[in-house]
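# An overview of the molecular structure
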Amino acid sequence: MKMYYEKDVDVDILKDKTVAVIGYGSQGMAQSRNMHESGLNVVVGLRKDGASWNKAKEDGLTVMTIEEAAAKADVIHVLIPDEIQAKVYEESIKDNLESGNTISFSHGYNIHFGYINPPKDVNITMIAPKGPGAMVRKTYEEGFGVPGLIAIERDYTGDAFKIALAMGQGSGLTRAGVLETTFKEETETDLFGEQVVLCGGVTELIAAGFQTLVDAGYQPEIAYFETCHEVKLIVDLIYAKGFAGMWNDVSNTAEYGGLSRRKRIITDETRLEMKKALEEIQTGEFAKEWTLENQAGKPMLNRLRAIEASLQIEKVGSKLRKLCGLQK
Ligand code: NDP
Ligand code: MG
Ligand code: MG
């Protein structure tokens, strides 16, 4: 494993180059503003009729259409949602790529699964913050950054790595450290993490614990505090000090109860399903399913969203967060 920091950056590599950030959402806004303030030549490529156009202008950035930005720039950094990247690439980026350009991403999905196939004479790079856009921006403003991942899928010009690392520097990532990976590793582990632990696993664990208490007759508000609100406090401890630091901070009773019961909650059956979810990612089955889902207009996602919104924990939580001043 190798980490790269500010001292490893060739600061001149982007001096005479223009970076076009395509998209001004969670990552686009954070990365383009950070790179701009770091002194890189940044333009933002957007559709004219979208909400981002004025936002990026008001933030003082140079805004143009995606076609214009892709044509003008040496580095085209694609930060629009993964499921629309292939379409926007075909319609607005592909014909504006020049030999020796770099096409860059913050997630390897479309390159790894073959939905975007840039021409042979273009670098393909990734610089990916390990944190949501708001965090990328906030830590940068505080003079630091979030850690990042770097990967090179194709190095046509011979300096693709330097270019990607300098972009990471612009976004503040080299202040915390940038770790080298591959498109395959980043894509597959990112999907696995969000499905099994971060987004899928955590919400289902919380919801199941909440429902168990409510079904047993406990007040939903109490159940919410015990199974949802406190998750952050525990995760913050793990984030800062590891499992050991967390076990050290909770009571001996919590430590004994947790250690002696947890394997009954995450069972061998659960681990087997984790493996299956990973295999669906590795074989491309998940990506195919997600592509079909998008082509059909997201019927399943809309159904799942409706179910999620109707959960009792969401209603109780929303009420409590307001009462406690955690949410407006
Ligand atoms: P967002 O959903 O926040 O992107 C929104 C932006 O995309 C807006 O500027 C929007 O413009 C534009 N956009 C949406 N649809 C279209 C379209 N059809 N044509 C043109 N522009 C469009 O994306 P994220 O920032 O979440 O993700 C960007 C990339 O970063 C992805 O590859 C993702 O995997 C990766 N990533 C994201 C992280 C995150 O925290 N969100 C973390 C790490 C990586 P408009 O206003 O015109 O609609
Ligand atoms: Mg992801
Ligand atoms: Mg307790």
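Since the structure is predicted, the reported quantities are computational estimates derived from the model, not experimental observations.

For ligand 1, the set of nearby residues contains 24 residues, the closest of which are Gly25, Gln27, Gly50, Ser52 and His107. Contributions of two or more residues to the shell around ligand 1 are made by helix H1 (26–37), helix H4 (82–93) and strand S7 (123–129). Of the residues in the shell around ligand 1, the class split is 12 nonpolar, 10 polar and two charged.

It is worth spelling out the domain arrangement of the protein chain at this point. Once the domains are mapped, the protein chain shows domain 1 (3–181) and domain 2 (191–323). Placing a centre on the C-alpha atoms of domain 1 and another on those of domain 2 gives a separation of 31 Å.

Closest axis-to-axis distance for the helix H10 (residues 200–215)/helix H11 (residues 220–249) pair is 9 Å, and the angle between their directions is 160°. In terms of axis orientation, H10 runs roughly antiparallel to H11. When you trace H10 past H11, the crossing you get is right-handed. Facing Ile206, Gly209, Phe210, Leu213 and Val214 of H10, the residues of H11 in contact are Pro220, Ala223, Tyr224, Glu226, Thr227, Cys228 and Val231.

Turning our attention to the nonpolar core. Within the largest apolar cluster, 53 residues are counted, with the highest numbers of intra-cluster contacts made by Val19, Ala20, Ile22, Val44, Ile76, Met126 and Ile150. Sort the elements by how many residues they give to this core and helix H7 (residues 160–171) lands first, with six residues. Ignoring anything within four residues of it in the chain, the contact list for Val44 reads Val21, Tyr24, Ser32, Ala56, Leu61, Thr62, Val63 and Ala69. Phe210, Ala223, Cys228 and Ile313 belong to the second largest nonpolar core, which has six residues in total.

The rules behind each value
- Residues numbered from 1 in each chain as written.
- Chains lettered and ligands numbered in written order.
- Predicted model: local features only at pLDDT ≥ 70, side-chain atom pairs only at ≥ 80, totals over all residues.
- Near = placed C-beta within 6 Å.
- Helix = DSSP H or I, 4+ residues; strand = E, 2+ residues; numbered from the N terminus.
- Nonpolar A, V, L, I, M, F, W, Y, C, P; charged D, E, K, R; others polar.
- Domains from an automatic or database assignment.
- Axes fitted to C-alpha atoms, helices over the stretch in contact; angles between N-to-C directions.
- Parallel < 35°, antiparallel > 145°, perpendicular 65-115°, else oblique.
- Left-handed = near helix turned anticlockwise from the far one by under 90°.
- Contact = placed C-beta atoms within 7 Å.
- Core = buried A, V, L, I, M, F, W, Y, C linked by C-beta atoms within 7 Å.
- Buried ≥ 20, exposed ≤ 12 C-beta atoms within 10 Å, placed from the backbone.

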